[in-house]
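# Observations on the three-dimensional arrangement
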Amino acid sequence: MNETTLPTIIADRIRARGRITFAEYMATCLYEPGLGYYTSPGRKVGTAGDFYTSITVHASFGRVIAREIIAAWRSLGCPDEFTLVEAGAGHGRLACDIMDFLAERSVDCYRAVRLVLVEQEPSLAEAQATLLAAHRDRLSWLTPSELPGFRFSGVLYSNELLDAMPVHRVLMGEQGLKEIYVTLDGDQLQDLADAPSTPALAEYLERFGIPLHPGQEAEVSLAGLAWFEDVAECLQQGFILTIDYGWAKAELYSPQRNLGTLLCYYKHTVEDNPYQRLGQQDITTHINFSALIERGEELGLKPIWFGEQSRFLLAAGVIEELEQIEASDLPEKDKLRLRLIIKRLIMPEGGMGDTFRVLVQSKGVADPKLGCLRGISL
Ligand SMILES: C[S@@+](CC[C@H](N)C(=O)[O-])C[C@H]1O[C@@H](n2cnc3c(N)ncnc32)[C@H](O)[C@@H]1O
């Protein structure tokens, strides 16, 4: 009997229907129920997984976000009901660090908060519930398909969500735009450039004013943009905080980045071949922050801060976190260890400080008083 594996699913699909878009291929590799990278058992993030996210480095990251959440709540006039939505919540570590900080530092804000977790992989709800047991009465869940119908005031935040959404790949040929599909040569998966599967790809490049040069490859995240349009509608008043790796369009689509930004992570090594270790390796791309900023403005979202994670964390409270560690009665060797760990979050080159960027957008907030605005704003 033929075992159902990702390679057989994908090969069967290509044999039956012909080439498939890279977006379909990536969605299958990452999210095929029970088999995809994010939808199969095993730790993906952290030391035992394939890559680190800022969340897994230290609780200070979540604590600084929590400081901004308290400031966001105050900016809305300290309402009695304030909703936090975390999209792509993974195991719930970030949500837990945030809720712990709110409970410790601002009981009034904590009492107003209800936390809604949204995660593509439903089985993670159990891990989230365990981790967040102390905050159980404030916690609820929505599936990704339920989120678009939800309306709330508060903060929607995500860390490394949009980079995990499927992308189409395009190539500017001498005769115009082509799409890079996935096809089979015998048993071997490979690229195939042909006419685009949808006019939405050329429309995306046109709409955001992205000139690709002949020979240049790039990714287009139609799924990411559609998701963002949905959440922009969900938010009635408050903030959207997006943390991810990516750039503004001029940098993301610059001719120097001729082959796009697609990368694969496996056991803390980085590769660029998406056609190996199907379902075992992460496939990811840098995101186009300009699309979020420009489309956001059309949808009533004001961009109030955009820049490197290091600048965001420094302006929003990581120094206070370090001061607190210094003032604590921890042994000196623990203080040193924590200092070095937190440094990773803010250090450029080899750290996470300038790899990641933060975008803060507001809707219906007359005078946002976030900590990050103490630093350089847009
Ligand atoms: C790179 S992981 C990041 C997890 C966590 N935020 C962190 O920083 O450690 C991306 C997560 O987003 C989830 N995801 C992907 N698409 C989603 C969607 N449309 N809605 C909610 N979660 C999604 C994936 O299942 C995965 O858990």
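Shown above is the structure to which this text applies.
Thresholds applied
- Residues numbered from 1 in each chain as written.
- Predicted model: local features only at pLDDT ≥ 70, side-chain atom pairs only at ≥ 80, totals over all residues.
- Heavy atoms only, no water.
- Salt bridge = Lys/Arg side-chain N within 4 Å of Asp/Glu carboxyl O.
- Helix = DSSP H or I, 4+ residues; strand = E, 2+ residues; numbered from the N terminus.
- Buried < 20%, exposed > 50% of the residue type's maximum accessible area, 1.4 Å probe, protein only.
- Core = buried A, V, L, I, M, F, W, Y, C linked by side-chain atoms within 4.5 Å.
- Contact = heavy atoms within 4.5 Å.
- Near = heavy atom within 4 Å.
- Polar contact = N/O pair within 3.5 Å; in protein donor to acceptor, adjacent residues only side chain to side chain.
- Areas by Shrake-Rupley, 256 points an atom, 1.4 Å probe, with all protein chains shown as cover.
- Nonpolar A, V, L, I, M, F, W, Y, C, P; charged D, E, K, R; others polar.
- Axes fitted to C-alpha atoms, helices over the stretch in contact; angles between N-to-C directions.
- Left-handed = near helix turned anticlockwise from the far one by under 90°.
- Pairing = 2+ DSSP bridges.
- Arc of directions from axis to C-beta.

## Notes on the pattern of salt bridges
Per the stated rule, a full pass over the model turns up 27 salt bridges. Between Glu 24 and Arg 13 there is a salt bridge, with the nearest N and O atoms lying 3.1 Å from each other. Within this pair, whereas Glu 24 is found in helix H2 (residues 22-31), its partner Arg 13 is found in helix H1 (residues 6-17), the two being separated by eleven residues in sequence. Judged by relative accessible area, which is 22%, Glu 24 ranks as partly exposed. Given the relative accessible area of 21%, Arg 13 is considered partly exposed. Two residues, Glu 229 and Arg 295, come together in a salt bridge whose shortest N-O distance is 2.6 Å. Of the two residues, Glu 229 sits in helix H9 (residues 222-234) while Arg 295 sits in helix H11 (residues 289-298), which places them 66 residues apart along the sequence. Given the relative accessible area of 22%, Glu 229 is considered partly exposed. For Arg 295, a relative accessible area of 15% corresponds to the buried category. Overlapping salt bridges, with partners in common, bring together Arg 63, Arg 67, Glu 104, Arg 105 and Glu 321 in one network.

## Description of the nonpolar core
Phe 82, Leu 84, Leu 102, Tyr 157, Phe 312 and Val 360 are the most contacted members of the largest nonpolar core, which totals 52 residues. Not counting chain neighbours up to four residues away, the residues in contact with Val 360 comprise Phe 239, Ile 240, Leu 241, Lys 302, Pro 303, Ile 304, Trp 305, Phe 312, Leu 370 and Cys 372. One finds Val 116, Phe 150, Leu 292 and Phe 306 within the second-largest nonpolar core, a separate group that totals 27 residues.

## Quick notes on the side chain of Arg 357
Looking at the secondary structure, you find Arg 357 in strand E16 (residues 356-363). Non-local contacts of Arg 357, meaning those with residues more than four positions away in its chain, are made with Thr 242, Ile 243, Asp 244, Gly 246, Trp 247, Phe 289, Phe 306, Gly 307, Glu 308 and Gln 309.

## Remarks on the site of the ligand
Taken together, 14 residues form the shell around the ligand, and within it Thr 53, Ile 55, Gly 88, Glu 119 and Asn 159 come nearest. Separating a nitrogen atom of the ligand from a backbone N or O atom of Gly 88 is a distance of 2.8 Å. Here Glu 119 contributes a side-chain N or O atom positioned 2.5 Å from an oxygen atom of the ligand. Burial of the ligand by the protein amounts to 93% of the accessible area it has alone, namely 600 Å². Within the shell around the ligand, the residues separate by chemical class into eight nonpolar, four polar and two charged.

## Overview of the packing of helix H4 (residues 59-75) against helix H12 (residues 309-316)
Interaxial distance between H4 and H12 falls to 9 Å at its minimum, and their mutual angle equals 65°. Crossing of H4 over H12 shows left-handed handedness. For the pair H4 and H12, the contacting residues are Phe 61, Val 64, Ile 65, Arg 67 and Glu 68 in the first and Gln 309, Phe 312, Leu 313 and Ala 316 in the second. Along the lines of polarity and charge, the residues of the contact of H4 with H12 split into six nonpolar, one polar and two charged.

## Structural notes on the pairing of strand E5 (residues 152-159)
Taken across its eight residues, E5 has seven buried, putting it largely inside the fold. Sheet topology places strand E2 (residues 82-87) next to E5; four bridges connect them, and they run parallel. The residue bridging Leu 84 from the neighbouring strand is Val 155, located in E5. In this structure, E5 lies alongside strand E10 (residues 235-247), joined through eight bridges in parallel fashion. Across the sheet, Asn 159 pairs through a bridge with Ile 243, a residue of E10.

## Things to note about the environment of Gly 224
Its place among the elements puts Gly 224 in helix H9. Each C-alpha atom, one on Gly 224 and one on Ala 291, is 9.6 Å from the other, the two residues being 67 residues apart in sequence. Beyond its immediate sequence surroundings of up to four residues, Gly 224 is in contact with Leu 162 and Met 165.

## Examining helix H8 (residues 200-207)
All of the buried residues in H8 are Leu 201, Tyr 204 and Leu 205. Seen along its axis, H8 keeps its buried residues to an arc of 95°; they face one direction. As for H8, its buried residues are in contact with strand E6 (168-173), strand E7 (176-185), strand E9 (217-220), H9, strand E14 (287-288) and H11. Looking one or two places after H8, you find Gly 209, whose phi comes out positive at around 60°.

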